[in-house]
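Examining the three-dimensional arrangement
Residue-level listing of the chains:
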Amino acid sequence: MGGLRVRDIEFDSNVFLAPMAGITDTVFRQLIRKYAPKAPLYTEMISSEGLAVKQDIVLVKAEKNEYPVIYQISGHKPHLMAEAAKILEPRATMIDINMGCPVNKVVKGSDGSALMKNPKLASEIITAVREAVNIPVSLKTRLGWDMKSKNYLEFSKMVEDSGADMIMVHGRTRSQMYAETANWEEIGKVKQNVSIPVIANGDIVSVETAKKCLEISGCDGIAVGRGTLGDMELIGRIESYLKDGVVKPPPTVEDKLKTALEHARMEIALRGERVGLKFMRKFFAWYVTGVKNAAKYRFELVRVEKLSEAEEIFERILEEQKTGVL
Ligand SMILES: Cc1cc2nc3c(=O)[nH]c(=O)nc-3n(C[C@H](O)[C@H](O)[C@H](O)COP(=O)(O)O)c2cc1C
């Protein structure tokens, strides 16, 4: 594991938790932090329009033990993006601008990866945010809008020239969404093209893929998203491998279910039992990946209305793992 200097901030780790809307909330980040003591953690994306009007407490909440925390903002109006960055500055280690989100709802409003098609506006946003805050400003993007318009070289140069201090590249185009595999070689071309730190992202799901991505891309760091779903220890394992070459074992089914319950208890404390358990449905499904009869348990878990019901299902899962009997 290497440190990473971004503007005047010295990060002790170059393995980042990637931002995931509806996932990387304060609870998720605290759980990642338990196993990864140094990793910089991204928030979910926060709409600059929403934030400038009313602060969503759940979205902006962060506990002391989560830091360093990078707050990601989305939007396309430079003055609102600057305003949102200013509001978040007292809480944030760094502000990140979302220019990579591919979902229709976001790109229709000219936000996210739609900004890759409008470098002039993208540059105005970066400049406005850069001028609004004193902390580092980063940007997250993709390789381009589609295969015919991969503009990552011009775009990354523009990002640097507009004043951003770091760039993260997800190695796919917008039109690929999450299909095919991330192209780490092309992310490496961005690294060659700019002098600010470049973080590689996409398809890092293990210690081995983390190592391979760093080797192929030559980047300053990596960011892990979906690989953490159901495996809160992954970033910690990568950190520890990069630091001293030790490959720790992945969590057992028992470890995962213990974490799932801790996750659920924390979400319930944050959101209340009904909303918290509803929010947990997708996570429960990930936590039981790989257990025997996972589909059957998923069916039950997405219907629980009380934490005690989830606890009872987990006990049955553990029993079945031990005995092999239903
Ligand atoms: C459910 C989900 C939500 C996401 N939300 C965001 C987001 O809010 N902002 C962002 O920049 N990227 C978002 N992403 C993209 C991830 O940060 C990351 O770039 C992508 O998943 C590829 O990395 P991975 O293969 O490690 O998951 C999201 C991805 C997923 C799967």
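Residues numbered from 1 in each chain as written. Predicted model: local features only at pLDDT ≥ 70, side-chain atom pairs only at ≥ 80, totals over all residues. Heavy atoms only, no water.

1. Some points on empty space enclosed by the protein
Applying the stated rule across the entire model yields one cavity of 30 Å³ or more. Taken as a whole, the largest cavity spans an internal volume of roughly 30 Å³. Ranked by residue count, the leading element in the lining of the largest cavity is helix H11 (residues 253-271), at three residues. Of the residues contributing to the lining of the largest cavity, the split by class is three nonpolar, two polar and four charged. Each of two domains, domain 1 (4-244) and domain 2 (253-323), supplies a minimum of three residues to the lining of the largest cavity. (1 Å grid on protein atoms, 1.4 Å probe; cavity = no way out; pocket = protein on both sides within 12 Å on 5 of 7 lines; lining within 4 Å. Points joined across faces, edges and corners; volume = space filled by probe spheres on them. Helix = DSSP H or I, 4+ residues; strand = E, 2+ residues; numbered from the N terminus. Nonpolar A, V, L, I, M, F, W, Y, C, P; charged D, E, K, R; others polar. Domains from an automatic or database assignment.)

2. Here we look at the layout of surface pockets
Of the pockets and cavities examined, the largest pocket occupies roughly 530 Å³. For the largest pocket, the lining is made up of 30 residues, of which Pro19, Met20, Ala21, Lys140 and Tyr178 are closest to its centre. Listed by contribution, the elements that provide at least two residues to the lining of the largest pocket are strand E7 (137-141) and strand E10 (221-224). Partitioning the lining of the largest pocket into residue classes produces 16 nonpolar, ten polar and four charged.

3. Details of a positive patch on the surface
Positive charge collects at one region of the surface, where Arg274, Lys278, Arg281 and Arg303 lie side by side. Tracing the sequence through the fold places Arg303 in the loop between helix H13 (294-301) and helix H14 (307-323). According to the relative accessible area criterion, Arg303 is partly exposed, its value standing at 47%. (Patch = residues over 30% accessible without salt bridge, like charges linked within 9 Å, V, L, I, M, F, W, Y side chains within 5 Å. Areas by Shrake-Rupley, 256 points an atom, 1.4 Å probe, with all protein chains shown as cover. Salt bridge = Lys/Arg side-chain N within 4 Å of Asp/Glu carboxyl O. Lys, Arg positive; Asp, Glu negative; His and termini not counted. Charge placed at Lys NZ, Arg CZ, Asp CG, Glu CD. Buried < 20%, exposed > 50% of the residue type's maximum accessible area, 1.4 Å probe, protein only.)

4. A few points about the domain arrangement of the protein chain
Split by domain assignment, the protein chain resolves into domain 1 (4-244) and domain 2 (253-323). Computed over C-alpha atoms, the centres of domain 1 and domain 2 are 29 Å apart. When the two sides are added together, the surface that domain 1 and domain 2 hide from each other amounts to roughly 1,300 Å², 68% of it contributed by carbon and sulfur. Contact with domain 2 buries surface across domain 1, with Val27, Leu31 and Gly230 losing the most and accounting together for 35% of the total. The interface formed by domain 1 and domain 2 includes two salt bridges. The residue Arg271 makes a salt bridge to Asp25 at a minimum N-O spacing of 2.8 Å. At seven residues, helix H1 (residues 26-35) tops the list of elements feeding residues into the side of domain 1 that touches domain 2. Classifying every residue of the side of domain 1 that touches domain 2 by side-chain character gives eight nonpolar, four polar and four charged. (Buried area = accessible area lost by both parts, 1.4 Å probe.)

5. Brief notes about the site of the ligand
Near the ligand you find 17 residues, and of these Pro19, Gln72, Asn201, Asp203 and Arg226 are the closest. The contact in question runs from a nitrogen atom of the ligand to an N or O atom on the side chain of Asn98, over 3.2 Å. Gly225 places a polar main-chain atom, nitrogen or oxygen, 2.8 Å from an oxygen atom of the ligand. With the chains in place, 88% of the 610 Å² that the ligand exposes on its own is no longer accessible. (Near = heavy atom within 4 Å. Polar contact = N/O pair within 3.5 Å; in protein donor to acceptor, adjacent residues only side chain to side chain.)

6. Structural notes on the packing of aromatic side chains
Within the structure shown, the criterion is met by six aromatic pairs. Taking the centre distance of 5.9 Å and the plane angle of 65° together, the rings of Phe11 and Phe16 count as edge-to-face. Across the pair, Phe16 and Phe11 agree in class, each one buried. On the basis of an interplanar angle of 50° and a centroid distance of 5.6 Å, the ring pair of Phe279 and Phe283 is categorised as tilted. A residue pair is termed a helical-turn pair when its members lie 3 or 4 positions apart in one helix, as Phe279 and Phe283 do in helix H12 (residues 273-287) at four residues. Each member of the pair, Phe279 as well as Phe283, carries the same accessibility label: buried. Every member of this aromatic cluster is reached through a ring pair, and the members are Phe28, Phe279, Phe283 and Trp286. Taking the ring centre of Phe279 as reference, the NZ or CZ of Arg271 above it sits at 3.7 Å. Between Arg303 and the ring centre of Phe299, over which it is positioned, the NZ or CZ distance is 3.7 Å. (Phe/Tyr/Trp six-rings, centres within 6.5 Å; stacked < 30°, edge-to-face > 60°. Lys NZ or Arg CZ within 6 Å of the ring centre and 35° of its normal.)

7. Comments concerning the side chain of His263
Position of His263 relative to the elements: it lies in helix H11. What His263 contacts, discounting residues up to four positions off in sequence, is Val27, Phe28, Leu31, Met232, Met280, Phe283 and Tyr287. (Contact = heavy atoms within 4.5 Å.)

8. Observations concerning the pattern of salt bridges
Evaluation of the coordinates by the stated rule reveals 20 salt bridges. The salt bridge involving Lys120 is made with Glu124; its shortest N-O contact spans 3.0 Å. Residue Lys120 and its partner Glu124 are both found in helix H6 (residues 119-132); the two are separated by four residues, about one turn of the helix. By relative accessible area, Glu124 is classed as partly exposed at 37%. Residues Arg130 and Asp165 are paired through a salt bridge, measuring 2.5 Å at the closest nitrogen-oxygen approach. Of this pair, Arg130 sits in helix H6 while Asp165 sits in the loop between helix H7 (152-161) and strand E8 (166-170), and the two are 35 residues apart along the sequence. Accessibility expressed as a relative area gives 12% for Arg130, which makes it buried. Residue Asp165 is classed as buried on the basis of its relative accessible area of 9%. Through salt bridges with shared partners, a single network forms among Arg7, Arg130 and Asp165.

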